[in-house]
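Coordinate analysis (summary)
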Amino acid sequence: MTDQAARLSTEHLTLRFGGLTAVEDVTLYVNAHEILSIIGPNGAGKTSLFNAMTGIYEPTSGAVLANGTPIRLAPMSMLKTCLASVMTGILTTALIFINTLWEHSINAHYVFNEPFDWLWIPLGIRDAIADEPVLFSLCLVITSILAFFGLCKIQQEFLFSPAVCSKAGLARTFQNIRLFPSMSVFENVLLGIRTQQQPSLIGALIPFLFERTVTATDTMQTNKLLDFVGLLDKRDLSATSLSYGERRRVEIARALATNPSVLLLDEPAAGLNPTEGRLLSELIESIKARGIAVVLIEHHMKVVMAISDRIIVLQNGKRIAEGSPAAIQQNQAVIDAYLGTTSHTAEPVS
Amino acid sequence: MVQLTSSDKKLLTAFSVLLFLPALQYIMPGTMDALEPLKNIFIFSILGISLHILAGFTGLLSLGIAGFMGLGSYAYAISTSTIYPFQLSFFGGLIVAIIIGSIAGLALGLPTLRLKGDYLAIVTLGFGEIVQDVLRNLEGITKGTQGINPLPAPSFFGMTITTADALPWYYILLCAAGLMFFFARQIEMSRLGRALIAIRDDELAASSLGFVPFRIKTISFMLSAALAACAGALWASFLGSSGEPGNFDFNISALALCIVIVGGLGDLCGVMLGSLIMVGFNSIILVKLAALLQTQQGTLSSSVFASPNNFKYMVFGLALVVVMQIKYRRATR
């Protein structure tokens, strides 16, 4: 089913919330230059599938693969997180132990106006451990417990999270538009640029003398993306002042700014008028032409049937059909489950 | 090259006015001492900026900022005092205080940053109280309630400045506050600052763009703690004493919160204005009012309102309520 060249694929992906199975054993793939649509009645698990693929929920079982390799953290980052945990442990011990340490290093050796000697610290640690072995071992136990919980927290944040999925080349939009309300259109899109490297404090302070806000290449890329979605003239407006369709476009531009290999769109045509819907279809076609794989959740059948290369139908979390738009329209299981008894597909289903 | 925008020019104007403000004291008749309250305003504006990075940019409410200030003050005192072997210079002590502050911020941030809103506020409130108790009870290191004093007068480039010199301290604190202001401004305009604001606006959207909220929140927590510690170190150096642990109580944190909120949450220039209003009220108007009430009544009255110190927190609270009301109305309109 999945071949190695697939930009994004899932293998037997299952997502459970307690007793409820939202997504059950879904295997799918999407290639470059391809639009894959996921349709299904309300509550079929489409958005849950998206959330499981983009790291918002961790799948109960199964795997998500980007370019044929499972999405996970680079070994270097793993090493860093382990190191951070150990450092937290040492720091905690030092904090609990500080009084004893101080007594045996500073108070024991300091003669007024004599200079500080770094040798006092190892001597102090030795004497302090010899003096209070019980307290020290207690500190170590508390430390290891804290370090364990710290590591769990770090793992949870870094191992399979939206950020890691974004790094693997996945970008998504949301069903209910999630723009940053306090920023302009330009800033919203700008935030997606260069997210492969995390912003750092040093990075923030080094440009102090050279530049104020953004590099010229960042600005150029952002403008190019805004031009691509046709909103370059509205770049300085507040994101909240745009119309619904325009906000959709900004969100798509922001997702494209992360330079993804797969773009996941969650109901992009919802709430759009026919003209806006047609423009959106054209936009999605041109994203496909850029070589980006597109995964689309949509209720708007006109859009789905017009632009999809393949369609997957979900019902109650299970995949019930897969095929070309024409094949799906003829599929009896789909007609029964989703479209009702008529085979008329032109009307949007909501 | 640095491009000056119109807001930059306004800020430079304000800075140059402050630069020549001490001259006013010698020109104007009377015995008004303007430098003393201004020094407090500068210190608290640094504290305000530190809370602003956390509450204004990242949207995390901290009520334990005084704890970090206390840590910074004691770290500076321990590393410069003659009763301890380190005996660093002013800048050495400042750097130690900033490092200790950021480590403390990291240590508090790592386990607590999964909390949100009110819960984080409660944890940080507890942290502020714990710091006071630790400083009070760790007598071997912090000298308990008496604090570490006197601290040696710091010297800059061969010039020793004692606590009695008002004018040099005015300029040192002015420069420190100005530096911190531009530091915070630079952060705000950098990628890091935009990431902080993105996390405040919508954490899920920011994380799906590739930002790790945990990491960015930790950085902002560390940054805020470092700035608060820096404010504490400056405070200790111009007082010539670490102060006693009770100086870093909840009232300081509440004052910092008042400064940030009165200045309009999320606006850096507002923080400076907020510290001017709140600390100015605290150390100019209240002092004058107290003196006035003293002369009016002659003797100490039994009324609660006889001394402004009794009702100043009521005024702070009123300021918070009024500003929140106005901001709330503006936001919903």
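Residues numbered from 1 in each chain as written. Chains lettered and ligands numbered in written order. Predicted model: local features only at pLDDT ≥ 70, side-chain atom pairs only at ≥ 80, totals over all residues.

Some words on the overall build of chain A
Broken down by element type, chain A carries 14 helices and 10 strands. Out of the 350 residues belonging to chain A, those deemed buried represent 39%. Long-range pairs, those at least 24 residues apart, make up 74% of the contacts in chain A between residues at least 6 apart in sequence. (Helix = DSSP H or I, 4+ residues; strand = E, 2+ residues; numbered from the N terminus. Buried ≥ 20, exposed ≤ 12 C-beta atoms within 10 Å, placed from the backbone. Contact = placed C-beta atoms within 7 Å.)

Focus on the confidence of the model for chain B
Chain-level statistics for chain B give a pLDDT mean of 84 and a share of 93% at 70 or above. Predicted as a complex, the structure gets a pTM of 0.87 and an ipTM equal to 0.83. (pLDDT = per-residue confidence, 0-100.)

A short note on the sheet that holds strand β2 (residues 20-30) of chain A
All names here are of chain A. Strand order in the open sheet made by the 4 strands is β2-β1-β4-β5, with antiparallel pairing throughout. Looking at which strands have only one partner, the edges of the open sheet turn out to be β2 and β5 (69-70). Where helix α1 (residues 46-53) meets the sheet, its contacts fall on β1 (8-17), β2 and β4 (61-66), and the angle it forms with β2 comes to roughly 65°. (Pairing = 2+ DSSP bridges. Axes fitted to C-alpha atoms, helices over the stretch in contact; angles between N-to-C directions.)

So, helix α3 (residues 65-80) of chain B
The end-to-end C-alpha distance of α3(B), which contains 16 residues, comes to 23 Å, matching closely the 22 Å that a straight helix rising 1.5 Å per residue would cover. Most of α3(B) is tucked away, with 16 of its 16 residues classed as buried. (Expected span 1.5 Å × (residues − 1).)

Some words on the packing of α3(B) against helix α5 (residues 117-137) of chain B
Residue and element names in this part refer to chain B. Where α3 meets α5, the closest approach of the two axes is 7 Å, and the angle between their N-to-C directions is 30°. Accordingly, the angle class assigned to the pair α3 and α5 is roughly parallel. Facing α3, whose interface residues are A66, G67, G70, L71 and Y74, α5 presents F127, G128, V131, Q132 and L135. Grouping the amino acids of the contact of α3 with α5 by side-chain chemistry returns 6 nonpolar, 4 polar and no charged. (Parallel < 35°, antiparallel > 145°, perpendicular 65-115°, else oblique. Nonpolar A, V, L, I, M, F, W, Y, C, P; charged D, E, K, R; others polar.)

Observations concerning the interface of chain B and chain A
With 37 residues of chain B at the interface, the matching set in chain A holds 47 residues. Those elements that place two or more of their residues in the side of chain B that touches chain A are α4 (90-112), α6 (139-142), α7 (166-189), α8 (191-201), α9 (203-208) and α10 (213-239) of chain B. Element by element, the count of residues in the side of chain B that touches chain A is highest for α8(B), at 8 residues. Broken down by class, the residue content of the side of chain B that touches chain A amounts to 23 nonpolar, 8 polar and 6 charged.

Some thoughts on the sheet that holds strand β3 (residues 35-39) of chain A
All names here are of chain A. With mixed pairing, the 6 strands of this open sheet are ordered in space as β6-β7-β8-β3-β9-β10. Each end of this open sheet is capped by a strand with a single partner; those strands are β6 (170-172) and β10 (318-323). Sheet twist, expressed as the mean angle between neighbouring strand axes with direction ignored, is 20°. Judged from the 4 bridges that link them, β3 and strand β8 (residues 293-297) form a sheet pairing that is parallel. Across the sheet, I38 pairs through a bridge with I297, a residue of β8. Sheet strands in contact with α1 are β3, β6, β7 (262-266), β8 and β9 (310-315), and its direction is about 150° off that of β7.

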